[in-house]
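Topology and contacts: notes
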Amino acid sequence: MCAKHHKMPGTAPGTLVAPKGALTPKAVHVIHYGQDSVAEADIASVEELARLRNGKGVVWVNVDGLGDVELLGKLGQLFDLHPLALEDVVSVHQRPKVDEYEDNLYLVVRMLHYEAELRTEQVSLFLGKDFVLTFQEDVGDCLDPIRERLRKEGGQLRRRGADYLMYAIVDAIIDHHFPVLERLGEQVEELEDEALERPSQRTMARVHQAKRELLSLRRSIWPLREAVNALLRTESPLISKNTRLYLRDCYDHTVRILDMVETHRELVGDLTDMYLSSMSNRMNQVMKVLTVIATIFMPLTFLAGVYGMNFRHLPEVEWRWGYLAFWLAIVIVTLLMLWLFRRKGWLGGGRGQ
Amino acid sequence: MCAKHHKMPGTAPGTLVAPKGALTPKAVHVIHYGQDSVAEADIASVEELARLRNGKGVVWVNVDGLGDVELLGKLGQLFDLHPLALEDVVSVHQRPKVDEYEDNLYLVVRMLHYEAELRTEQVSLFLGKDFVLTFQEDVGDCLDPIRERLRKEGGQLRRRGADYLMYAIVDAIIDHHFPVLERLGEQVEELEDEALERPSQRTMARVHQAKRELLSLRRSIWPLREAVNALLRTESPLISKNTRLYLRDCYDHTVRILDMVETHRELVGDLTDMYLSSMSNRMNQVMKVLTVIATIFMPLTFLAGVYGMNFRHLPEVEWRWGYLAFWLAIVIVTLLMLWLFRRKGWLGGGRGQ
Amino acid sequence: MCAKHHKMPGTAPGTLVAPKGALTPKAVHVIHYGQDSVAEADIASVEELARLRNGKGVVWVNVDGLGDVELLGKLGQLFDLHPLALEDVVSVHQRPKVDEYEDNLYLVVRMLHYEAELRTEQVSLFLGKDFVLTFQEDVGDCLDPIRERLRKEGGQLRRRGADYLMYAIVDAIIDHHFPVLERLGEQVEELEDEALERPSQRTMARVHQAKRELLSLRRSIWPLREAVNALLRTESPLISKNTRLYLRDCYDHTVRILDMVETHRELVGDLTDMYLSSMSNRMNQVMKVLTVIATIFMPLTFLAGVYGMNFRHLPEVEWRWGYLAFWLAIVIVTLLMLWLFRRKGWLGGGRGQ
Amino acid sequence: MCAKHHKMPGTAPGTLVAPKGALTPKAVHVIHYGQDSVAEADIASVEELARLRNGKGVVWVNVDGLGDVELLGKLGQLFDLHPLALEDVVSVHQRPKVDEYEDNLYLVVRMLHYEAELRTEQVSLFLGKDFVLTFQEDVGDCLDPIRERLRKEGGQLRRRGADYLMYAIVDAIIDHHFPVLERLGEQVEELEDEALERPSQRTMARVHQAKRELLSLRRSIWPLREAVNALLRTESPLISKNTRLYLRDCYDHTVRILDMVETHRELVGDLTDMYLSSMSNRMNQVMKVLTVIATIFMPLTFLAGVYGMNFRHLPEVEWRWGYLAFWLAIVIVTLLMLWLFRRKGWLGGGRGQ
Amino acid sequence: MCAKHHKMPGTAPGTLVAPKGALTPKAVHVIHYGQDSVAEADIASVEELARLRNGKGVVWVNVDGLGDVELLGKLGQLFDLHPLALEDVVSVHQRPKVDEYEDNLYLVVRMLHYEAELRTEQVSLFLGKDFVLTFQEDVGDCLDPIRERLRKEGGQLRRRGADYLMYAIVDAIIDHHFPVLERLGEQVEELEDEALERPSQRTMARVHQAKRELLSLRRSIWPLREAVNALLRTESPLISKNTRLYLRDCYDHTVRILDMVETHRELVGDLTDMYLSSMSNRMNQVMKVLTVIATIFMPLTFLAGVYGMNFRHLPEVEWRWGYLAFWLAIVIVTLLMLWLFRRKGWLGGGRGQ
């Protein structure tokens, strides 16, 4: 599905190629904060950033759009990022992972978007001693509450280091999975009703779509769990003992998300069987109608055929009350059959038997 | 399914927010006991509790309802509970787990309720040197036999420490799974009969419901087993060697419960196939009736049609015994066909072939 | 399925309650043997046993029936058994397991019975330095060959210690699985034939029954394997190095049994598909008969209808050989259709296509 | 399936009982070889063998048939084999395994035979410092190329020790799996065509048979892989470092065989679905024929019925061209319907839609 | 499937036999490069190569075609390759693996080709201190970009050692999986549409083909991942620390490929259910048409039959407006039925209900 934007096999590693159709970032958003101060700016050149960074405190640099590889290269030089990590930033189909380099950590996570259908966006994080870099594919994210908390004085976020900021970002991205899973859960329940009550060809297409989305969620959450676990257990001095305690909480959330995805998957997996059983039920209904009609009218038609015969010596047709007797026989036979079918339960209205 | 009550992604960790629609506790139930004494009270303020706690012996504090976050905060301060643990108390969709903190243990288990359908309630336990705290979502639990045993003099429960009380509570909550599983087991057996004997659309809905419930049980029992195992293996000095022996028994029970859940799941998983095979069987019956009717009456109707033709030279209709011969032919053909069908086994009454 | 006889949640651990409907043992069977002597007795009181035990050699005490908890308590005191182990003896739905206590080993295995259907009986063994205790739910077991070997002089069983006796008992109980699995295997083969040759609603019920039995076997054999493995690897001085060699053989047998159970399970799992395909095949046959009949007689009936019309100017009916020509047409059309159907393979007798 | 020949539960271990219907070996085949010499003989008594063994070089003793337990016992004494290993030799349903004894290795592998259907034969190998013993159930094996290589001077086989001979035998038996798997693979491909092109009840029986065979193969290859791995990793001085390198190759082969078996199993597992879909397709064809016939002839028959009515005032029958107009109407209606069905794609010849 | 070209069971190991139908290589392609120089030649004899190799720098020897075992033998002697490794080179159904020998590494990978259908080609690599040997089954590979990079001055490839060349080759072969997986992904999407919109017997054959291809991909990628992991973790001095960093990137790619293959497999596994549900839907449509037709025309035909009877006293036929009344009744009944069917939703045009 999403193997589209890979580089040519055989090209040299470390070559930065912007992904096809990538957004060119308009500006680089920088928040520079310490316990007592916070500064926020949209800067245009990396040089400006270099000057800004000389001060104390933590810098959070956020880039929306991966279209400007030159900018990436300069940022890489300024913050001492490894070429292979930079290559991974622009290769937008990474699985969540943590790569440790000498003096920074590279982390890939995927942010969910759910408008018409589920979409995942790659977010790359670099964590250094006094900086956090985030690279997103597109404008728009779920990190505004964190920016708000940074702007307010006195919060934990302002007091603690870069590692806590990274935790806060990862936590926000992970917690953003819950509302998406809720919507998927509602959709699964709707599909359950649909499969049982009003199955149509569209149902199967929607069930398959739900399976695809859950599969793609699962594909990103399993490695996410591993990545958070790796953060928890890394011996890197970049992450303080206290932040680890918070990451444990984060880990619990990924486990719960995985749990929910697996549950949804099991329930959706069951829907095909429910659909098939509904169809089989309906077919049964149709066949019963056909059989009831045929069983009633075939004998009657035969009887009408008999008295349409031209035998010279056919006594009944001569009788005065023959025609009346014929109708009487018809009515009796029909009622008998209907009674029989009712006993067999083939005429029970709605959806019974 | 149950992702409903999560906090906004991006809010600061450690913030206590009461779950939506949470019950505000009327009072805090306290049992204060030692080998020779037991005191029981419904107290209104945490200050009262602080006073009570100065004495020797073990205190069991039980709170029914998570609506009063201020109360939680005060209890947290009194008993030195970690903010992240308190946050987990009010986040009511935790999986069973054990978190070790410096001088207490935090344990989440889920209590089953089975009235109309299966419901699980989160029970949070804190174990300290001389206290056990339990937080429940709702009034009503399965711990009354333990309260009774505490009130009676001379029992083990009174002689031993807080860890044994915690074991007793966990054991009661785990053993409470058995009657629920029994009811589920009976329901599965009913569904088996229904799927084989009288399958209807409703059967599939009930099968799916049973699957959901078993899935949700399984989701809470797997981590429960892990949690009990963690308690068994923890090096925390809070749990004595003797209590560990009893926890091993507890662990055996979770394994057995898991075993039963998995068995039920396998049996329920089989029900869809049984349902489909029943439906297919019934369809076969219906089709046989239709075919028998059509095979008998189509030739007869044709024959009646033949002698209803107006050919001038149609010798049979002139015969004196033509009409009688016609009926004789009809009877012979019909009997022949019926004999054929019986040999094919298509007329075997009940549910055979 | 078998969660019936659990004690009330919340009761104190170590309380001995006889399982509902448990058999009260008539006597305690004791075999006391050494290399040169063997004595066998049905004794009535535990005191008698205490006296008997003072001699050298090994004592094998067997109790059939768990109805007399007082007897159990006394035996527990005499042989120094742990209360939790005794509680497990009367809790008759244990999974096979080994629990090590200070100076004895407690082992649970399940003995198979297969009369009308599969039934498992809990057998509890205690192994001490010079005794083996066995507790069975019912009279009747597969251990008579061992008793015979004990009575005969010169066998290995008489020369070796209590651990070898325990091995012999466990080995007999495990080997007793083979004939039961053979019968199950034959049953599976019968079901295969039935599903392919003469599928009926009963087949599905029997397939489901076979699945239940294999599931319950599997549930008892997996932990049995673990238990035998635990015996193999235990550091307990109660089991000699030589006996371990024999237990390795025992372990190989449990692996083979597990293998057979899994094989049977796979084959039985396949039966539903075979059943459904047979049903689908049969439905196809029925539909073909219906279609053949309808395709032949519908055109004929139409033709007969045509010549039954009352058009004034209907030349054919006036012809001298009209009626003969009609029958000729009928015969030709019918033969043509039959030839067509035969070519399509719809008339192939037995069960082909 | 193959639990038939087990000994009575409860009999003493180490008792040698010939398997039911076992072949009594006619002679013992011995090859005695060194770098420069080779001697081959069919000997009748074990004493003769004892004499022969005094020389240098390696002895390969092969026994075809397990009917003579006395012979086994004598060989056991001569080569110092453990009674439990000898018991395993005559218990012919062993899984492949390696058991290490003090100064020899006992190895069980299974040789495949595929004439009418798949059959496996137990081959037991004992490896000592200067001997290899092989016990087969039947005459006829795949080891003749090895015998040939032994007879020829200058080969590696002659230069190296007993462990290399054992490797060569095991390698030959393992490589003999490939042609069998090839035949099974061809069979699976045939079944694929059959299930898609000409499904019949027989197909399902053959699919089930293929599953059985693959299951039984898998059952013997998984432990075979473990056994070869155990040989690779054993610390026994009986196997030289150089031979281990060759055994690694052997191990690669078992992995590949396992791979092929699993692939075949997946493909065969798919066949039932293909069969069911073919059947469903065919049913659809049949139903379409029926519906087309009924939809065309029912209105026509009705029309013929109308003009067969005896209404006094039925104007059409009086018309001069009434009969012709009737046929015209018939033809038009029929063509219209056929055009409609063709548009719906219900008349598309072969196997389309 | 691909067990075809194995050697006779029982032949001596290390014997080189060209695979059946193997291409005889026309020439041996040699690239000899260092930081400042590069030389490229098609040489005919191994002696020439021996001379060439005396210089400094790295030699990459590539052989297309395995038909010339003599050439292989000579290369083996020149580069000191182990006979078992050479045997594996000509045994063309190896799974990807790494074998370490004393002073070289042997690596098997499989290169994908996807023209009409998926085909894999075995590529054997030997890595020594200053050489890389590659053996391919056929002419034509995906390594031309690497040759280009070697020819250009100043690239990393020229500066680094043989291990980096090996990495570059393995990386190119692995990255070549992506376009193939993309094509497979597109095919899966097409099949999804086909199964839902226009299912035919051909669909099932294509679904099965897709399963086969994905299975065969999976079979080669799992061991490939293990092999790359083994390269990453090997302690061989042949692979420098820096190259390992690049191999980690390689490993990430194999994990992603595996992920994609598993995703495709899950989606394809779902297609059979979609196909069956589409078929069931269609059958339902057909049955509804039949039932509608039968339910409308059977009563009408019966009515026409009634007025075709010859009863002397059949009042309606005498009426002046009898025939008109008859048609009126027909029209009313038909409309009523159509209205009924529409309400039941059986006449809803396209593919609804």
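The numbering scheme is per chain: residues are counted from 1 as the chain's sequence reads. Working convention: letters from A go to chains and numbers from 1 go to ligands, in the order in which they are written. For this predicted model, a pLDDT threshold of at least 70 governs which residues receive local features, and a threshold of 80 or more governs which side-chain atom pairs are given and counted, while totals over whole chains, interfaces and linings are taken from all residues.

A look at the overall build of chain A
Where helices and strands are cited, they refer to DSSP runs of H or I of at least four residues and of E of at least two residues respectively, numbered from the N terminus. Within chain A one finds 10 helices and seven strands. Here the C-alpha radius of gyration of chain A, 35 Å, is well above what a compact globule of 353 residues would show, namely 20 Å. Looking at the 353 residues of chain A, the share that counts as buried comes to 41%. Considering only contacts in chain A between residues 6 or more positions apart, those separated by 24 or more positions represent 67%. Radius of gyration here uses only the C-alpha atoms, and the compact-globule reference equals 2.2 Å multiplied by the residue count raised to the power 0.38. Counting other C-beta atoms within 10 Å of a residue's own tells you its class, since 20 or more makes it buried, 12 or fewer makes it exposed, and anything in between is partly exposed; those C-beta atoms are placed from the backbone. Whether two residues are in contact depends on their C-beta atoms, placed from the backbone: they are in contact if these lie within 7 Å.

Focus: unusual backbone geometry
The backbone phi angle of C:D80 is positive, close to 65°, even though this residue is not glycine. Taking the C-beta count within 10 Å as the criterion, C:D80 has 12 such neighbours and is therefore assigned exposed.

Points about the environment of C:R151
Relative to the helices and strands, C:R151 resides in helix α4 (residues 144-151). Each C-alpha atom of the pair C:R151 and C:L271 lies 48 Å from the other, and the pair is 120 residues apart in sequence.

A closer look at the interface of chain D and chain C
Each partner contributes residues to the interface: chain D has 47 residues there, and chain C has 58 residues. Sorting the residues of the side of chain D that touches chain C by element identifies α8 (201-233), α9 (241-306), α10 (315-318) and α11 (322-344) of chain D as the ones contributing at least two each. Tallying contributions element by element places α9(D) first for the side of chain D that touches chain C, with 17 residues. Residues are sorted three ways: Asp, Glu, Lys and Arg are charged, Ala, Val, Leu, Ile, Met, Phe, Trp, Tyr, Cys and Pro are nonpolar, and all the rest, Gly among them, are polar. Residue composition of the side of chain D that touches chain C, by class: 26 nonpolar, 12 polar and nine charged.

Remarks on the relation of the copies chain D and chain C
Two copies of a chain can be linked by a rotation about an axis combined with a shift along that same axis. Copies overlap after least-squares fitting; the atoms used are the C-alpha atoms of residues with pLDDT of at least 70 in both. When chain D is fitted to chain C, the best match, at an RMSD of 0.1 Å, comes from turning it 72° and sliding it 0.1 Å along the axis. What we have between these two chains is a five-fold relation. Minimal C-alpha separation from the rotation axis in chain D is found for D:G308, amounting to 4.6 Å. A share of only 19% of interface residues in chain D that are also interface residues in chain C marks the association as one of differing surfaces.

Regarding the pairing of strand β5 (residues 105-114) of chain C
A regular strand places its side chains on the two faces of the sheet in alternate fashion. All names here are of chain C. Summarising burial for β5: eight of the 10 residues are buried, a large majority. In the sheet, strand β4 (residues 97-100) pairs with β5 via four bridges, with the strands oriented antiparallel. Residue pairing in the sheet places K97 in a bridge with V108 of β5. Hairpin connection, β4 to β5: the antiparallel pair is bridged by four residues. Strand pairing requires that DSSP identify at least two bridges connecting the strands. Where β5 folds back onto strand β6 (residues 118-127) in an antiparallel hairpin, the turn is made up of three residues.

Some remarks on the pairing of strand β1 (residues 28-33) of chain D
All names here are of chain D. Pairing of β1 with strand β2 (residues 38-43) involves six bridges; the strand directions are antiparallel. Across the sheet, residue V30 finds its bridge partner in β2, namely A41. Taking the residues between adjacent antiparallel strands as the criterion, β1 and β2 are bridged by four residues. Relative to strand β3 (residues 58-64), β1 is paired through six bridges, and the arrangement is antiparallel. When the bridges of β3 are listed, H29 appears paired with N62.

Digging into the sheet that holds strand β1 (residues 28-33) of chain A
Residues and elements named next belong to chain A. Spatially, the seven strands line up as an open sheet ordered β2-β1-β3-β7-β6-β5-β4, and their pairing is mixed. Of all strands in the sheet, those bounded by a partner on one side alone are β2 (38-43) and β4 (97-100). Averaged over all pairs of adjacent strands, the angle between their axes in this sheet comes to 20°, without regard to strand direction. Throughout, an axis means a line fitted to C-alpha atoms (over the contacting stretch in the case of helices), and angles, computed between N-to-C directions, take values from 0 to 180 degrees. Taken strand by strand, helix α6 (residues 162-175) contacts β3 (58-64), β5 (105-114), β6 (118-127) and β7 (131-136), and its axis lies near 175° from that of β6.

Structural notes on the packing of helix α1 (residues 46-53) of chain C against helix α2 (residues 69-79) of chain C
All names here are of chain C. Two elements in contact, α1 and α2, have axes separated by 10 Å at closest approach and are oriented at 25°. Classified by the angle their axes make, α1 and α2 are roughly parallel. Relative to α2, α1 is oriented so that their crossing is right-handed. Between α1, through V46, L49 and A50, and α2, the contact on the second element is made entirely by L71, K74, L75 and L78. Comment on the angle field: the value is read as roughly parallel under 35 degrees, roughly antiparallel over 145, roughly perpendicular from 65 to 115, and oblique elsewhere. Left-handed describes a crossing whose near helix is turned anticlockwise from the far helix through less than a right angle; right-handed describes the clockwise counterpart.

Here's the deal with the sheet that holds strand β6 (residues 118-127) of chain B
Residue and element names in this part refer to chain B. The strand order across the open sheet built from seven strands is β2-β1-β3-β7-β6-β5-β4, with neighbouring strands paired in mixed fashion. If you trace the sheet from one side to the other, it starts and ends with β2 (38-43) and β4 (97-100), each paired once. If you compare each strand with its neighbour and ignore which way they point, the axes differ by 20° on average. Along the sheet face, helix α1 (residues 46-53) touches β1 (28-33), β2 and β3 (58-64) and points at about 5° away from the line of β1.

Observations concerning the environment of A:L224
Residues and elements named next belong to chain A. With respect to the helices and strands, the residue L224 is situated in helix α8 (residues 201-233). For the pair formed by L224 and R343, sequence separation is 119 residues and the distance between their alpha carbons is 60 Å. Among residues more than four places away in sequence, those in contact with L224 are P96, V109 and T254.

A word on the confidence of the model for chain A
Residues and elements named next belong to chain A. Confidence scores per residue from the predictor, reported as pLDDT, run from 0 to 100. In this model, chain A carries a mean pLDDT of 86, and residues with pLDDT of at least 70 account for 96%. Element-level mean pLDDT values for chain A span from 80 in helix α1 (residues 46-52) up to 94 in β7. Long-range and interchain partners of residues 1-5, a stretch whose pLDDT sits below 50, account for 14 contacts in this model, where long-range means more than four residues apart. Segment residues 349-353 is flagged for pLDDT under 50; beyond a separation of four residues in sequence, or across chains, it makes five contacts in the model. Interface predicted TM-score (ipTM) for the complex: 0.81; the corresponding pTM is 0.85.

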